[in-house]
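# Per-entry structural report
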Amino acid sequence: MQYLENSNGLVDALSYIDEHIPYRKDDFYAALKQDQAEINRDWAHWLPELNLPDKYSVNIYAGGYGIFSVPALVEHGAGRVSMYDYDQEVADVNWRLLSAYRAKVLLNQTVADVVFDLDWINTDVDLVVNTSCECMVNFKGIKAKHKPGTVFILLGTNKAQKGAINVPKSLDEFVLGTGITDIQYAGVLPNDKYMVIGI
């Protein structure tokens, strides 16, 4: 899996954190760890199997820092990547971190609550990636707002942790809560996250 194309974005992001939001440094460093790279590798290796169109469009919901997700999507042919996160500080860091990708894809970043602001989010996309479903309620309602045929890659956890408001007790409960019926993959990843891929 590809990492950032050059270190300028990483340096700019770290400088911004040091100068403006030093209290987010631990948060950012945690996002750089190997386990986070592995989570993204686990879903990204499915991209060639999903029969997505050339230059496909993708929404990333609650994706946090895009250090692994955006490079993986670009590597696998995404033409437009829209990131929706409710954390302005994460968006500010991503703007610097992902600067090299704005020339490659139409990279859009919007601060939004995917649940409450869904009416003005562009849901006419080919793919949706959400690696933090535990932070959202009612994914069935979110899925229903997207065009028919949209592919979803959804990950969640059964761990009660900070920010988790939707904690399924089992993989079956997680899959049922997503609203996905045409399932290409459903399983438990090595890091104990649940993952379901389908339409």
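The residue count restarts for each chain, going from 1 along the sequence in the order it is written. Only residues with pLDDT of 70 or above have their local features reported here, since the model is predicted, and side-chain atom pairs are shown and tallied only from 80 upward, although totals for entire chains, interfaces and linings are computed over all residues. Excluded from the side-chain calculations are hydrogens and water; all other atoms, namely the structure's heavy atoms, are used.

### What to know about the environment of Asp 85
For the purposes of this entry, the term helix denotes a DSSP run of H or I that reaches at least four residues, the term strand denotes a run of E that reaches at least two, and both are numbered from the N terminus. Following the sequence through the fold, Asp 85 ends up in strand E2 (residues 78-85). Considered as a pair, Asp 85 and Asp 113 are 28 residues apart in the sequence and their alpha carbons are 6.6 Å apart. The definition of a polar contact used here is a pair of N or O atoms within 3.5 Å, where within protein one atom must be able to donate a hydrogen and the other to accept one, and adjacent residues in sequence count solely through side-chain atom pairs. A polar side-chain atom of Asp 85 sits 3.0 Å from the main-chain amide nitrogen of Gly 64.

### Here we look at empty space enclosed by the protein
A pocket here means an open set of points on a 1 Å grid, computed over the protein atoms alone, that has protein on both sides within 12 Å along at least five of seven lines. A cavity is instead a set of points where a 1.4 Å probe fits but cannot get out; residues with an atom within 4 Å of a point line either one. Grid points are joined across faces, edges and corners, and a volume is the space filled by probe spheres set on the points. Under the definition given, this model contains 1 cavity of 30 Å³ or more. Within this model, the largest cavity holds a volume of roughly 50 Å³. As for the largest cavity, its lining consists of Met 83, Asp 85, Val 90, Ala 91, Asn 94, Gln 109, Thr 110 and Val 111. Within the residue set of the lining of the largest cavity, elements represented by two or more residues are E2, helix H5 (88-97) and strand E3 (106-111).

### Remarks on helix H1 (residues 8-20)
By this rule the span expected of a helix is its residue count minus one, scaled by 1.5 Å. Spanning 13 residues, H1 covers 18 Å between terminal C-alpha atoms, matching the ideal 18 Å at 1.5 Å per step. Three labels apply to residues, based on accessible area from a 1.4 Å probe with only protein chains included: buried if under 20% of the type maximum, exposed if over 50%, partly exposed otherwise in between. Looking at H1, one finds that the buried residues are Gly 9, Ala 13, Tyr 16 and Ile 17. In a view along the axis of H1, the buried residues occupy a sector of 100 degrees, so they form one face of it. The outward face of H1, more than 90 degrees from its buried face, is lined by the exposed residues Asn 8 and Glu 19. The contact rule is simple, with two residues in contact once any of their heavy atoms fall within 4.5 Å. Where the residues of H1 are buried, they touch helix H2 (25-31) and H5. When we speak of the arc, we mean the arc of directions from the helix axis to the C-beta atoms.

### Focus: the pairing of strand E1 (residues 56-61)
E1 sits mainly inside the fold: 6 of its 6 residues count as buried. Side-chain alternation along E1 places Tyr 56, Val 58 and Ile 60 on one buried face and Ser 57, Asn 59 and Tyr 61 on a second face that is also buried. Note on handedness: a crossover is taken as right-handed if, strands pointing away from the viewer, the path from the first strand over the helix to the second is clockwise. Note on the crossover from E1 through helix H4 (residues 69-75) to E2: the handedness is right-handed. Bridge count between E1 and strand E4 (residues 127-130): 3 bridges; the pairing is parallel. Following the sheet pairing, Asn 59 is matched in E4 by Val 128. Here, strands pair whenever DSSP counts at least two bridges between them.

### Comments concerning the nonpolar core
Residues Trp 43, Leu 47, Leu 73, Val 81, Leu 127 and Ile 153 are the most contacted members of the largest nonpolar core, which totals 42 residues. In contact with Leu 127, other than residues within four places in its own chain, are Leu 47, Leu 50, Leu 52, Tyr 56, Ser 57, Val 58, Asn 59, Leu 73, Thr 150, Val 151 and Ile 153. Counting residues in hydrophobic clusters, the runner-up holds 21 residues, among them Tyr 61, Cys 133, Ile 142 and Leu 154. Residues enter a nonpolar core if they are buried and are Ala, Val, Leu, Ile, Met, Phe, Trp, Tyr or Cys, with the set joined through side-chain atoms within 4.5 Å.

### Concerning the packing of H1 against H5
With axes taken as lines fitted to C-alpha atoms, and helix axes fitted only over the stretch in contact, angles between N-to-C directions fall between 0 and 180 degrees. Interaxial distance between H1 and H5 falls to 7 Å at its minimum, and their mutual angle equals 145 degrees. Contact with H1, carried on its side by Gly 9, Leu 10, Asp 12, Ala 13, Tyr 16 and Ile 17, involves Asp 92, Val 93, Arg 96 and Leu 97 of H5 and no other residues of that element. Across the contact of H1 with H5, the residue classes break down as 6 nonpolar, 1 polar and 3 charged. Polar here means any residue other than Ala, Val, Leu, Ile, Met, Phe, Trp, Tyr, Cys and Pro, which are nonpolar, and Asp, Glu, Lys and Arg, which are charged; Gly is therefore polar.

### Topic: the pattern of salt bridges
By definition, a salt bridge exists where a carboxyl oxygen of Asp or Glu is found within 4 Å of a side-chain nitrogen of Lys or Arg. Per the stated rule, a full pass over the model turns up 8 salt bridges. For Asp 87, the salt bridge goes to Arg 24, with nearest N and O atoms at 3.0 Å. With a gap of 63 residues between them, Asp 87 in the loop between E2 and H5 and Arg 24 in the loop between H1 and H2 connect regions that are remote in the sequence. With a closest N to O distance of 3.5 Å, Asp 124 and Lys 147 form a salt bridge. On the criterion of sequence distance, the pair formed by Asp 124 in the loop between E3 and E4 and Lys 147 in the loop between helix H6 (139-144) and strand E5 (151-156) is long-range, its members being 23 residues apart. On the basis of relative accessibility, which here comes to 48%, the residue Asp 124 falls in the partly exposed class. Each of Arg 24, Asp 27, Asp 87 and Glu 89 takes part in one network of salt bridges that share partners.

These values are about where atoms sit, not about what they do.
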